[in-house]
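Chains, contacts and geometry: an overview
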Amino acid sequence: MRGKSFVITALSGLMVLGASAAIGSASQAATVKRTVVNMTFKPSTSEADLSNYVYDTVDPTSPNHHHYLTPSEFADKFGQSASYIQSFKDYLNKYHIRSYAYPGNLAMKLTATPKNMQKAFNAKYVKPAKKGYEATTSYKLPGNLSSKVVAVIGLYAQKPTKKATAKKTTKKAASSHALMADLPISNQQPNTNVSANTFSLKYGAGKFAKAYQLHPLYQKGLQGQGQRIGIITVSDIHDGDVATYWKQSGIDANVSQIHHHYLVNPKAEVQKSVNYLLGSPQTETTVDVESASSVAPKADIDLYIGDDTNPNTSDPSAIYTGTMSAISDNQDKQLSSSFSAAPEVTADWGDPSATVKQTSDAFNLMYEQAAAQGITVFQASGDYGPVSQPSAKENHGLSTSPYQVLVGGTTLPYQKILNNKVITVSKERAWGDTYAQTANEKQMGIFGGSGGGFSALNPTPRYQQGVSGVNTFRAENLLTYKNGKFTLTKHPHIIFGTGNSRNIPDVAGNADLQTGYATYVTGKNPVLKGKKVLRIPSTKWLIGGGTSYTSPQMAGANAVMNSGRQTPIGFWNPQIYKFAQESDSPFNVLDDADNNNNLYYTGQPGKIYNQASGLGTINFTQLYNKFANETN
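Attention here is on the structure that accompanies the text. As the structure is a computational prediction, the values presented were derived from the model and not from experiment. (Residues numbered from 1 in each chain as written. Predicted model: local features only at pLDDT ≥ 70, side-chain atom pairs only at ≥ 80, totals over all residues. Heavy atoms only, no water.)

**Focus on the overall build of the chain**
A tally of helices and strands in the chain yields 19 helices and 28 strands. Against the 2.2 N^0.38 benchmark of 26 Å for 632 residues, the chain shows a C-alpha radius of gyration of 23 Å, consistent with a compact globule. Along the longest, intermediate and shortest principal axes, the C-alpha atoms of the chain span 70 × 65 × 50 Å. Taking contacts inside the chain between residues at least 6 apart in sequence as the whole, the part at least 24 apart equals 78%. Summed over all atoms, the accessible surface of the chain reaches about 23500 Å², with 50% contributed by carbon and sulfur. For the chain, the centre of its 58 positive side-chain charges and the centre of its 43 negative side-chain charges are spaced 11 Å apart. (Helix = DSSP H or I, 4+ residues; strand = E, 2+ residues; numbered from the N terminus. Rg over C-alpha atoms; globule rule 2.2 N^0.38 Å. Contact = heavy atoms within 4.5 Å. Areas by Shrake-Rupley, 256 points an atom, 1.4 Å probe, with all protein chains shown as cover. Lys, Arg positive; Asp, Glu negative; His and termini not counted. Charge placed at Lys NZ, Arg CZ, Asp CG, Glu CD.)

**Some remarks on unusual backbone geometry**
Serine 399 follows leucine 398 through a cis peptide bond whose omega is 25°. Summarising the element assignment, serine 399 is placed in the loop between strand E13 (376-380) and strand E14 (405-411). Geometrically, the link from isoleucine 504 to proline 505 is a cis peptide bond, its omega value of 0° lying close to zero. Looking at where proline 505 falls in the secondary structure, it is placed in the loop between strand E23 (501-504) and strand E24 (507-510). Even without being a glycine, asparagine 330 presents a positive backbone phi close to 60°. Locating asparagine 330 in the fold gives a position in the loop between helix H14 (315-329) and strand E12 (334-337). By relative accessible area, which is 19% here, asparagine 330 ends up buried. In this structure, asparagine 483 is a non-glycine residue whose phi angle is positive, near 55°. Among the secondary structure elements, asparagine 483 is positioned in the loop between strand E20 (479-482) and strand E21 (485-488). (Buried < 20%, exposed > 50% of the residue type's maximum accessible area, 1.4 Å probe, protein only.)

**Examining the environment of leucine 542**
Within the fold, leucine 542 resides in strand E26 (residues 532-544). A relative accessible area of 8% places leucine 542 in the buried class. Taking the C-alpha atoms as reference, leucine 542 lies 7.0 Å from serine 186; in sequence the two are 356 residues apart. Apart from residues no more than four positions distant in its own chain, leucine 542 is found in contact with Ile185, Gln188, Pro190, Tyr517, Ala518, Thr519, Val521 and Tyr549.

**Some words on the packing of aromatic side chains**
This structure, assessed with the given rule, holds 31 aromatic pairs. Ring geometry for tyrosine 91 versus tyrosine 95: centroids 5.4 Å apart, planes at 55°, classification tilted. Accessibility expressed as a relative area gives 14% for tyrosine 91, which makes it buried. Measuring from centroid to centroid gives 5.3 Å for phenylalanine 208 and tyrosine 212, while their planes differ by 65°, and the two rings are edge-to-face. (Phe/Tyr/Trp six-rings, centres within 6.5 Å; stacked < 30°, edge-to-face > 60°.)

**Some points on the pattern of salt bridges**
Under the definition given, this model contains 8 salt bridges. Of the charged contacts in the structure, one is a salt bridge between aspartate 361 and lysine 357, with a shortest N-O distance of 3.0 Å. Here the residue aspartate 361 and the residue lysine 357 both occupy positions in helix H15 (residues 356-372), the gap between them amounting to 4 residues, near one helical turn. Judged by its relative accessible area of 41%, lysine 357 is partly exposed. With a closest N to O distance of 2.9 Å, arginine 502 and aspartate 506 form a salt bridge. Taken as a pair, arginine 502 and aspartate 506 share a single burial class, namely buried. Taken together, the shared-partner salt bridges connect Glu582, Asp584 and Lys626 into one network. (Salt bridge = Lys/Arg side-chain N within 4 Å of Asp/Glu carboxyl O.)

**Re helix H19 (residues 620-631)**
Relative to the 16 Å expected for 12 residues at 1.5 Å per residue, H19 spans 16 Å between its end C-alpha atoms, a close match to the ideal helical length. Residues of H19 that are buried: Phe620, Thr621, Leu623, Tyr624, Lys626, Phe627 and Glu630. Buried-residue contacts for H19 involve helix H9 (205-211), helix H10 (215-219), helix H17 (547-562), helix H18 (572-580) and strand E28 (617-618). (Expected span 1.5 Å × (residues − 1).)

**Digging into the environment of isoleucine 423**
Within the secondary structure, isoleucine 423 is located in strand E16 (residues 421-425). Sequence separation of isoleucine 423 and asparagine 483 is 60 residues, and the distance between their C-alpha atoms is 29 Å. What isoleucine 423 contacts, discounting residues up to four positions off in sequence, is Tyr414, Gln415, Lys416, Leu418 and Tyr435.

**Let's talk about the packing of helix H8 (residues 196-203) against helix H11 (residues 239-249)**
Contact pair H8 / H11: the axes reach a minimum separation of 7 Å and the direction vectors enclose 110°. Taken as axis vectors, H8 and H11 run roughly perpendicular relative to one another. The residues of H11 that touch H8, namely those facing Ala196, Phe199, Ser200 and Tyr203, are Tyr245, Gln248 and Ser249. Among the residues forming the contact of H8 with H11, the class breakdown is 4 nonpolar, 3 polar and no charged. (Axes fitted to C-alpha atoms, helices over the stretch in contact; angles between N-to-C directions. Parallel < 35°, antiparallel > 145°, perpendicular 65-115°, else oblique. Nonpolar A, V, L, I, M, F, W, Y, C, P; charged D, E, K, R; others polar.)

**Overview of the nonpolar core**
Counting residues in hydrophobic clusters, the biggest one holds 111 residues, and the most contacted among them are Trp572 and Phe620. Examining the composition of this core, we find that 9 residues originate from one element, H15, more than from any other. Core analysis: the next-biggest nonpolar cluster, separate from the first, contains 23 residues, Val37, Tyr91, Ala101 and Met108 among them. (Core = buried A, V, L, I, M, F, W, Y, C linked by side-chain atoms within 4.5 Å.)

**Some remarks on the sheet that holds strand E5 (residues 107-112)**
Read from one edge to the other, the open sheet built from 4 strands follows the order E4-E5-E3-E8, with strand pairing classed as antiparallel. Whereas interior strands pair on both sides, the edge strands pair on one side only; in this sheet they are strand E4 (98-101) and strand E8 (149-153). Strand-to-strand twist across the sheet, computed as the mean angle between neighbouring axes with direction ignored, equals 20°. Examined bridge by bridge, strand E3 (residues 35-41) and E8 share 4 bridges and lie antiparallel to one another. Along E8, the bridge assignment pairs methionine 39 with valine 152. Sitting on the sheet, H15 touches E3 and E8, and the angle it makes with E8 is about 110°. (Pairing = 2+ DSSP bridges.)

Below is the structure:
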């Protein structure tokens, strides 16, 4: 999300629902007076040993190929000892902190009142380092416990003023950051007076399956049966919305396939928030569930809800809680998230006690545990090109971990009359829309495009090294940030350069609003009447876009492929970068230099990889066969 908007802003042709608006509104109904803090530990062996094991699980020449670990086995091999975990629990118990070691012994979840949490960690308020930065929290643990801690995420300290209270201080701090969960939504509605098959092909999973050759797998009878897809989110949904979407799309599924896991706030508080106001977190989560489940209709869906309407729990801690819970439960062999706590920029970072680097390290370890267990993790790369906040030249939502599949966006071919002009996209291209906005959208500086570029935190992973196009780029400065908004550059020029970090995204799929997908969602919308804000029940069919659709669709496709296998596919990235360099690559590389950009980066002619669309789009039938050949 660009900027820290705390209002719901309606634009012509686009609705941007600030996640913080939902947080602020829902918090009126919330009564939770506790905080959730997470701690990540170092592996018991070297991190290099853990990384090597992760790569070995997808290396056909290794004796550990597809030798995936259970959480218990992971704890024995890489987690901290039971005695160390117990020592921490004994210490925290003195301060009435409820502690839970996630299976795997790589992290702990702590729940307590803010006051008790602050006492246990001897937490101190640290005023902002610079103007515009957030206050932070310092802490101190006994030496025998602190030496193995990588990060403490979500620990707030009270500002030392006589009139302030811990509740007010933490509430202000927690609500100052918005989850990056905005997605482009049009004012158009899908035509629901068509057959289910036509609806799916025009607005849903049928369109995705046709574009990316998933139908041959359906014809084999593979629909995700026996699989579970984990959705990492901060909001609950209305199951009835998904049922309505399934019925319209001709999907034979049952809401009993959707399982809700309430991890930060109690179920009653979470549902109270959803029933209070329809905000972007609920809409986003509904998109995730409808997208994943329609691609893999026989799979179960696990919603891991790190609900963050609790003003005492930070966004990074809420998302970490959901993700680590899903990984340590080890039920879902594919996870997807369209949420990010904050960008990889210190000035915009949203956690008080863990720096952006410490949090990135903690997330990397968490995703390594997922890979060691055979779990494939998909993450939306973002919807505003390389810049989600104007405070840095390039920034991306955390995490850009090399152990995730970062999913970018494309535009499918289309021709439309928009804003009194004919727009023609003759072939699939990277998503970077500087040509189809309304006048109001241009005036507001709203330009949609796939996240992509270079990580600020993670080095170039071994699977990207030596791949043509990686760490080199071609770009065009199409946008200029001036007077608080992005505008079209009058005389853009071509830029060539190099990089030396993790290149993103890895793969891409249709995410453009103009070639987008349908979503059904219900809730209560705010309407201003005089000086009062009324909450009016709303039923919406809408057409949306964004990598928030593509990431859960990829997770659904992974579930379809896994439903035809004896062992899970596991860690995609080393495998797909190898496949991409073979003569029968399952990827369609979008390497055109012209009319093919993500608002900055373009294709690189003749190169396998570019930062606008990664390795390109996927032929899932070919990819399925490639994975099968690796196993055999």
